[in-house]
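Coordinates in review
Single-letter residue listing:
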Amino acid sequence: MTAQPQRPAFGTVLASHMAVATYQAGQWGRHAVVPVAPLELSPAAHVLHYASTCFEGFKAHRRADGSVHVFRMDMHIKRMLQSARQLVLPEPDPVQLAAMVREVIDRCRDAVPEAPGALYLRPILFGTTANIGAAATPATEASLLVLASPVWDYFAGGMKPLRIFVDDENTRSAANMGMVKTGGNYAAAMGPTLAARAKHRADQVLFCPGGMVQETGAANFVLIKDRQLLTRSLDASFLHGVTRDSLLTLARDMGYGVSERVFDIAEMLEWVKSGEAALSGTAAVLAGVGTLIHRGQEHSVGGGDVGPLTRALRAQLLAIQQGDAPDRHGWLQPV
Ligand SMILES: Cc1ncc(COP(=O)(O)O)c(C=O)c1O
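Structural notes, computed from the coordinates. Every chain is numbered on its own, with residues counted from 1 as its sequence reads. Confidence filtering applies because this is a predicted model: local features only for residues at pLDDT of at least 70, side-chain atom pairs given and counted only at 80 or more, and all residues used for totals across whole chains, interfaces and linings. Here the side-chain values reflect all heavy atoms present in the structure, with hydrogen atoms and water set aside.

Near the ligand you find 18 residues, and of these Y186, E215, V242, T243 and T282 are the closest. Here a polar contact is recorded for every N or O atom pair within 3.5 Å, except that within protein the pair must consist of a potential hydrogen donor and a potential acceptor, and residues adjacent in sequence are included only if both atoms are side-chain atoms. The contact in question runs from an oxygen atom of the ligand to an N or O atom on the side chain of T282, over 2.6 Å. Bound to the protein, the ligand loses 95% of the 380 Å² it would expose on its own. Residue composition of the shell around the ligand, grouped by class: 5 nonpolar, 9 polar and 4 charged. Whether a residue is near a molecule or strand is decided by its heavy atoms; if any one of them lies within 4 Å of it, the residue is near. Per-residue and other accessible areas were derived by the Shrake-Rupley procedure at a 1.4 Å probe size, with only the shown protein chains allowed to occlude residues. All amino acids are sorted into three groups, where Ala, Val, Leu, Ile, Met, Phe, Trp, Tyr, Cys and Pro are nonpolar, Asp, Glu, Lys and Arg are charged, and the leftover types, Gly among them, are polar.

Centre-to-centre distance and the angle between the planes together describe a pair of aromatic rings. Within 6.5 Å between ring centres, the rings of Phe, Tyr and Trp (the latter by its six-membered ring) count as paired, and their orientation is classed by plane angle as stacked under 30 degrees, edge-to-face over 60, tilted in between. Under the counting rule described, the total for this entry stands at 4 aromatic pairs. Centre to centre, the rings of F55 and Y186 are 5.4 Å apart; their planes meet at 50°, and the pair counts as tilted. Of this pair, F55 sits in strand β4 (residues 53-55) while Y186 sits in helix α4 (residues 183-200); the two residues are 131 residues apart in sequence, bridging distant segments of the chain. In our convention, an over-ring charge means Lys NZ or Arg CZ found within 6 Å of a ring centre and within 35 degrees of that ring's normal. Its end group placed over the ring of Y186, R172 keeps NZ or CZ at 5.6 Å from the ring centre. The ring of W271 has K225 sitting right over it, with the charged end atom 4.9 Å from the ring centre. Secondary structure elements are taken from DSSP: a helix is a run of H or I of four residues or more, a strand is a run of E of two residues or more, and numbering for both begins at the N terminus.

Bringing the pairing of strand β5 (residues 58-62) into the picture now. Residue burial is assigned from relative accessible area. The probe radius is 1.4 Å, only protein chains are included, and a residue is buried under 20% of its type maximum, exposed over 50%, and partly exposed in between. Across the 5 residues that make up β5, a large majority, 5, are buried. As judged from the 3 bridges shared by β5 and strand β7 (residues 118-127), these two strands associate in the antiparallel manner. By the bridge assignment, F58 is partnered in β7 with L121. One ladder, built from 3 bridges, connects β5 with strand β6 (residues 68-71); its direction is antiparallel. Paired with A60 across the bridge in β6 is V70. Two strands make a pair as long as DSSP finds a minimum of two bridges between them. As consecutive antiparallel partners, β5 and β6 are separated by 5 residues, and within that stretch G66 has a phi angle of approximately 95°, a positive value.

With that out of the way, let us pick up the packing of helix α5 (residues 242-253) against helix α7 (residues 308-321). Every axis corresponds to a line fitted to the C-alpha atoms, with the helix fit spanning only the stretch in contact, and the corresponding angles, defined between N-to-C directions, vary from 0 to 180 degrees. Viewed as axis vectors pointing N to C, α5 and α7 meet at an angle of 105°, and their least axial separation amounts to 10 Å. In terms of their interaxial angle, α5 and α7 are classed as roughly perpendicular. Contacts between α5 and α7 involve T243, S246, L247, L250 and A251 on the former and, on the latter, L313, Q316, L317 and I320. Its residues assigned to classes, the contact of α5 with α7 comprises 6 nonpolar, 3 polar and no charged. For this classification, under 35 degrees means roughly parallel, over 145 means roughly antiparallel, 65 to 115 means roughly perpendicular, and everything else is oblique. Here, residues are in contact when the closest pair of their heavy atoms is within 4.5 Å.

The structure is reproduced here in structure tokens:
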């Protein structure tokens, strides 16, 4: 067996170039692709004080024939526009944003790793208006960047079943902000996540406000059993994952029953006695849960290992993303 090369951790390396556009006097200016460099920003910039910022994250995949394909960029751009609206930030022009992404991929083509690696794309929008008295005034100037980062296999060390702390005391966001991909939500999840890590050796926290299962700090949550899939129905309280949507579509294609509804911790704990649980998101695709920790008790999920249905769904999505299975839903665009 050949040794795995040591790869940088997810997100720690940026590709050489980024795309930049600025919004002033009521309109977006032309964008440019430039070498990655520190930004010039007023210390009074709106984002630094009032957290007027949102972002996206998705991947472009290199195929064996060298071609590069971006996965469901339209959905991520749509979500970015929705985040901007909710935060009263200038909305990016979706046509311009798509062009910025394509130009960054093209410029950084050599940095797209072989599968199972990918080029992770990170658009970020933030308010730049210089005004420290704008607590109730939206930013009228903004910057939109698209960064790229080569990422390698999230599971280079093997698919380790995750330990998840079930939290029915904290929330990861304000009730109306869950579906917005904004830094403040991640800041809110940080404290509970670090505490659960220190106290329970948990990898992630599953937020369950009011005892109802919602999502983790950076991924959606699904239950799988007997060719049935259960996940929370869409509402404003959590992020509408593109991976979640893709997996539900594939599950239906594969003849699974799919149920989207609100369910509580008790039902989840009953389900995992013989079923599977997994986290879904762009970074990890579908990551199996081995243990749920709730009120000081450890609940083994299935046999405590990553389950066969989780592996099958994950493999099917990866095969499509990497061009090894047909793209029946038109999710991939060549760049
Ligand atoms: C809070 C949260 N939920 C869910 C997801 C999954 O979303 P997606 O599948 O679009 O990556 C992410 C990751 O982006 C996330 O940060």
